[in-house]
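# A look at the structure
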Amino acid sequence: MKERNVIQLDINNLVYNGIGPFNFSIDQNECLGLSGPSGSGKSLMLRALADLDPHDGRVSFGGVEATRIRPEEWRRRVGLLPAESHWWGDTVKDHFRLPDNSLLQQVGFDESVLNWSVSRLSSGEKQRLAIVRLLANKPDVLLLDEPTANLDKTNIRKVEELFDRYKREHRASIFWVSHDPDQIHRVASRCYFLDHGQLLPGDR
Amino acid sequence: MGVISLSPYDLAVAASLLLAVAALSYLLRLGNSGQIVVAGVRMTSQLLLLGIVLKSLFAHTNFLWVTLMALVMLAAAAREVTSRQKRRFKGVWGFGIGAVSMFISSFTVTLIALAVIIQNRPWYLPQYAIPLLGMLLGNTMNGIALGLERLTANAWQQKPVIEARLILGQSWNQAIGDVRKECIRSGMIPIVNSMAAAGLVSLPGMMTGQILAGSPPFEAVKYQILIIFLIAAGTGFGTMSAVYSASRRLFDERQRLRLDRLKGQ
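Residues numbered from 1 in each chain as written. Chains lettered and ligands numbered in written order. Predicted model: local features only at pLDDT ≥ 70, side-chain atom pairs only at ≥ 80, totals over all residues. Heavy atoms only, no water.

## Focus: the packing of helix 5 (residues 126-157) of chain B against helix 6 (residues 159-167) of chain B
Residues and elements named next belong to chain B. Helix 6 packs onto helix 5 with a crossing angle of 75° between their chain directions and a minimal axis gap of 5 Å. Comparing the axis directions of helix 5 and helix 6 gives the class roughly perpendicular. Residue-level contacts link A155, W156 and Q157 of helix 5 to K159, P160 and I162 of helix 6. Taken together, the residues of the contact of helix 5 with helix 6 break down into 4 nonpolar, 1 polar and 1 charged. (Axes fitted to C-alpha atoms, helices over the stretch in contact; angles between N-to-C directions. Helix = DSSP H or I, 4+ residues; strand = E, 2+ residues; numbered from the N terminus. Parallel < 35°, antiparallel > 145°, perpendicular 65-115°, else oblique. Contact = heavy atoms within 4.5 Å. Nonpolar A, V, L, I, M, F, W, Y, C, P; charged D, E, K, R; others polar.)

## Here's the deal with helix 1 (residues 8-27) of chain B
Here helix 1 of chain B is 20 residues long and its end C-alpha atoms lie 28 Å apart, about the 28 Å a rise of 1.5 Å per residue gives. Once helix 1 of chain B finishes, B:R29 follows within two positions and takes phi at roughly 55°, a positive value. (Expected span 1.5 Å × (residues − 1).)

## Structural notes on the sheet that holds strand 6 (residues 78-81) of chain A
Residue and element names in this part refer to chain A. Reading across from one edge, 6-7-8-3-9-10 is the order of the 6 strands in this open sheet, with mixed pairing throughout. The outermost strands of the open sheet, each flanked by one partner alone, are strand 6 and strand 10 (198-201). Taking the axes of each pair of neighbouring strands and ignoring which way they run, one obtains an average angle of 20° across the sheet. Taken together, the 4 bridges between strand 6 and strand 7 (residues 141-145) define a ladder with parallel strand orientation. Bridge pairing in strand 7 places L80 opposite L143. Each of strand 3 (30-35), strand 6, strand 7 and strand 8 (173-177) touches helix 5 (residues 153-170); the most contacted strand, strand 8, lies at about 155° to it. (Pairing = 2+ DSSP bridges.)

## Quick word on the domain arrangement of chain B
All names here are of chain B. We note that the domain assignment places domain 1 (1-60) and domain 2 (61-261) within chain B. Taken over C-alpha atoms, the centre of domain 1 sits 26 Å from the centre of domain 2. Each partner contributes to the interface: domain 1 provides 9 residues, whereas domain 2 provides 11 residues. Buried area between domain 1 and domain 2, summed over both chains or domains, comes out near 810 Å², and the portion from carbon and sulfur atoms is 70%. At the boundary of domain 1 with domain 2, the tally comes to 0 salt bridges. Here domain 1 and domain 2 share 1 residue pair in polar contact (both at pLDDT 80 or more) between them. By residue class, the composition of the side of domain 1 that touches domain 2 is 8 nonpolar, 1 polar and no charged. (Domains from an automatic or database assignment. Buried area = accessible area lost by both parts, 1.4 Å probe. Salt bridge = Lys/Arg side-chain N within 4 Å of Asp/Glu carboxyl O. Polar contact = N/O pair within 3.5 Å; in protein donor to acceptor, adjacent residues only side chain to side chain.)

## Thoughts on the nonpolar core
By size, the foremost hydrophobic cluster in this structure holds 120 residues, and its most contacted members are A:F24, A:M45, A:F163, A:F175 and B:L250. Considering each element in turn, this core owes the most residues, 12 residues, to helix 5 of chain B. Not counting chain neighbours up to four residues away, the residues in contact with A:F24 comprise A:L9, A:D10, A:I11, A:L32, A:M45, A:F175, A:Y192 and A:L199. (Core = buried A, V, L, I, M, F, W, Y, C linked by side-chain atoms within 4.5 Å. Buried < 20%, exposed > 50% of the residue type's maximum accessible area, 1.4 Å probe, protein only.)

## Considerations on the side chain of B:S171
Following the sequence through the fold, B:S171 ends up in the loop between helix 6 and helix 7 (172-175). Residue classification places B:S171 among the buried positions, given a relative accessible area of 13%. In this structure B:S171 touches A:E72, B:L166 and B:Q255, once residues within four positions along its chain are discounted.

## Overview of the packing of aromatic side chains
Taken as a whole and judged by the stated rule, the model has 11 aromatic pairs over all chains. Ring centres 6.3 Å apart and planes at 90° place the aromatic pair A:F109 and A:W116 in the edge-to-face group. We note A:R133 situated over the ring of A:W87; from NZ or CZ to the ring centre the distance is 4.2 Å. One Lys or Arg, B:R248, reaches over the ring of B:W172 and ends 4.6 Å from the middle of that ring. (Phe/Tyr/Trp six-rings, centres within 6.5 Å; stacked < 30°, edge-to-face > 60°. Lys NZ or Arg CZ within 6 Å of the ring centre and 35° of its normal.)

## As for the pattern of salt bridges
Going through the model one piece at a time under the given rule, you end up with 19 salt bridges over all chains. Its salt-bridge partner being A:E73, residue A:R77 comes within 3.2 Å of it at the nearest N-O pair. With A:R77 and A:E73 both in helix 2 (residues 71-77), this residue pair falls 4 residues apart, about one helical turn. Counted as one network, the salt bridges with shared partners bring together A:D51, B:D252, B:R254, B:R256, B:R258 and B:D260.

## Topic: a nonpolar patch on the surface
Taken together, B:L24, B:Y26, B:L27, B:L28 and B:L30 make up a surface patch of nonpolar side chains, about 620 Å² in accessible area. Take B:L24: it is sitting in helix 1. (Patch = residues over 30% accessible without salt bridge, like charges linked within 9 Å, V, L, I, M, F, W, Y side chains within 5 Å. Areas by Shrake-Rupley, 256 points an atom, 1.4 Å probe, with all protein chains shown as cover.)

## What to know about the interface of chain B and chain A
Taken together, the 18 residues of chain B in the interface contact 24 residues of chain A. Its largest share of buried area at the contact with chain A, chain B owes to B:I167, B:L168 and B:R254, together 42% of the area lost on that side. Counting across the chain B and chain A interface gives 3 salt bridges. Notably, a salt bridge pairs B:E163 with A:R47, separated by 2.7 Å at the nearest N-O pair. The interface formed by chain B and chain A holds 9 residue pairs in polar contact (both at pLDDT 80 or more) in total. Among the elements that line the side of chain B that touches chain A, the one with the most residues is helix 6 of chain B, at 8 residues.

## So, the sheet that holds strand 2 (residues 19-27) of chain A
Residue and element names in this part refer to chain A. The strand order across the open sheet formed by 4 strands is 2-1-4-5, and the pairing between neighbours is antiparallel. Of all the strands in the sheet, just strand 2 and strand 5 (64-65) have a single pairing partner and so form its edges. Sheet analysis places strand 4 (residues 56-61) next to strand 5, joined by 2 bridges and oriented antiparallel. In the sheet register, F61 faces strand 5, and the bridge partner there is V64. Of the strands in this sheet, strand 1 (7-16), strand 2 and strand 4 are in contact with helix 1 (residues 42-49), which crosses strand 1 at around 115°.

Set out below in structure tokens:
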């Protein structure tokens, strides 16, 4: 049965940091891939979509423009996973409002990890926990900046599966930035290539 | 015991000590001998000028002149706060946050002291109003400058952490909360420490001056206690208000961390 496509995140004439304008949209239950050389502005695009940097143009979620939604609410719905995670509290649980044990298990932790001190986490553990931390907010749109860059093969698979399951269960939209064409091929149903300020339809 | 009047010769002896330090600094190539001399000359001429101004201000008790003097002092303090920031706010905010916070804290505390505690007639009697305000501004200025310097430096360094908190749906207020607390505390450290050490380690300057000028020690002590309470209150209010409003200014209406509102190095 073919699903009806419903636009979830709609981007009109997005201009940030002097590049653009960009026009595209991401449907519910869709993963859109984005690749491109370093410095082409992929991460900055995700920052603009999460409303962390000033930008021009219109970004709307479910037909409602970002400017009409409170910023905290927007960022909870349109969740950004930065390439590097940052931690402010002493223990892992200081960073969760509502820890989700089933999510923790899906990336290979049990709930005792919540009492671990942040300083003893490896970069891979940090990345997996950052993913759980983000998903615990139940975002409708995920902006993923190289989400598996620090992970080994097994964990890359686990994380890809986790995002795929999350997407299906929550009818979420995913915007996945990656350097790895094979990964984009695995996870995304469409993809773009960003180069010299131009968004080109990519082959996958 | 009356006041022993100081002659220019007495001051010159004291100044020669500083000159000796400057000469030594020159020999050791510390690179600040010029600064020492300039600061010494500035201090001497500013204070002599102040002496002349105060002399005529005290001679005619005039509200407008007292107000003008107070505003000039405020502007000088705000300029000093601004110039001590490595990454100050661009535009009018750099000067404004310090000036408004010092105005709120120092002027309010001075007013309360004059109207409620000292109760002169008129309440703005310059012999009391100007020195009190000066002590308050001088100390509040230090607290505010320290607090703001820490805030802007920390916001710069901890940008990724603050943004990580915003990304997870925290408000600007939560995202910078920990940083702000630490900055307010550090702005208040000097005054809290100096209260703890007062009388044991150091004889506070004002009291020393009064005693040297011939006041009975116990009167000098009471005034000193009053002043320290006022200074601590003024520094506390001033630092809180400056750091709080500066932290708000670091974010825009969409609660984005806007470090572009600060000047670079």
